[in-house]
Amino acid sequence: MDTFSVVFYETLSGDKPAKVFLNELSDLAIFKNISQIYKINDKEFVIILTDGVKIKTNRIEENDEVNKEKQNKRYLIAQQLYFNMSKERKIDYIDLRFNDYIIKYLGDNKWEMM
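Residues numbered from 1 in each chain as written. Predicted model: local features only at pLDDT ≥ 70, side-chain atom pairs only at ≥ 80, totals over all residues. Heavy atoms only, no water.

Draft legend 1. The overall build of the chain, seen in detail. The number of helices and strands found in the chain is two helices and six strands. Element order for the chain, N to C, with α for helix and β for strand: α-β-β-β-α-β-β-β. Across the 114 residues that make up the chain, the buried fraction comes to 37%. A separation threshold of at least 6 residues defines the contact pool for the chain, and within that pool the share at least 24 residues apart is 33%. If you sum the accessible surface of the chain, you get close to 7600 Å²; carbon and sulfur atoms cover 49% of it. (Helix = DSSP H or I, 4+ residues; strand = E, 2+ residues; numbered from the N terminus. Buried < 20%, exposed > 50% of the residue type's maximum accessible area, 1.4 Å probe, protein only. Contact = heavy atoms within 4.5 Å. Areas by Shrake-Rupley, 256 points an atom, 1.4 Å probe, with all protein chains shown as cover.)

Right, dumping it as structure tokens:
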């Protein structure tokens, strides 16, 4: 069984946004590859995987069930892209903040939209 340590920070109001966000990702196969999560601002998070790949994403409000379902599908697709594309080349980041999926490879000066 794989084990890992988790450290959460609390905001002044007692919120633990990274913990809530991590719980949302816990059903994904890529979950065990998560090394770090950074909260950039109120909605934006960067997930860093154990191999250094970054996944840039926006978090959907908890009461927005329609967009939450779309976001869950985006994570599933990002997971498939990661597992398939990382076999070919080293990925720098996958950006899920836009309608298209953006993949930037290490050493490239450009990115690909999926």
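Resuming the write-up.
Draft legend 2. Highlighting the nonpolar core. Membership of the largest hydrophobic core comes to 23 residues, with the highest contact counts inside it found for Ile47, Leu49 and Ile91. Looking at this core, the elements that each hand over two or more residues are helix H1 (17-25), strand S1 (34-39), strand S2 (44-49), helix H2 (65-85), strand S4 (91-95) and strand S5 (102-105). Sorting elements by how many residues they give to this core places H2 first, with five residues. Setting aside its immediate chain neighbours within four residues, Ile47 contacts Phe21, Leu25, Ile34, Gln36, Ile37, Val53, Lys54, Ile55 and Thr57. (Core = buried A, V, L, I, M, F, W, Y, C linked by side-chain atoms within 4.5 Å.)

Draft legend 3. Looking closely at the pairing of S1. Sheet topology note: the S1/S2 ladder contains five bridges and is antiparallel. Along S2, the bridge assignment pairs Gln36 with Ile48. Counting the residues that bridge the hairpin from S1 to S2 gives four residues. (Pairing = 2+ DSSP bridges.)

Draft legend 4. Highlighting the packing of aromatic side chains. Per the stated rule, a full pass over the model turns up one aromatic pair. When the ring centre of Tyr93 is taken as origin, the NZ or CZ atom of Lys56, which lies over that ring, is 4.0 Å away. The cationic tip of Arg74 hangs over the ring face of Tyr101; the distance from NZ or CZ to the ring centre is 4.5 Å. (Phe/Tyr/Trp six-rings, centres within 6.5 Å; stacked < 30°, edge-to-face > 60°. Lys NZ or Arg CZ within 6 Å of the ring centre and 35° of its normal.)

Draft legend 5. Local environment of the pairing of S5. What you see with S5 is no split at all: Ile102 and Lys104 on one side and Ile103 and Tyr105 on the other are buried throughout. In this sheet, S5 lies alongside S4 in antiparallel orientation, the contact comprising four bridges. If you follow Ile94 over to S5, its bridge partner there is Ile103. Following S4, the chain reverses through six residues before pairing antiparallel with S5.

All quantities given are derived from atomic positions and should not be read as evidence of function.
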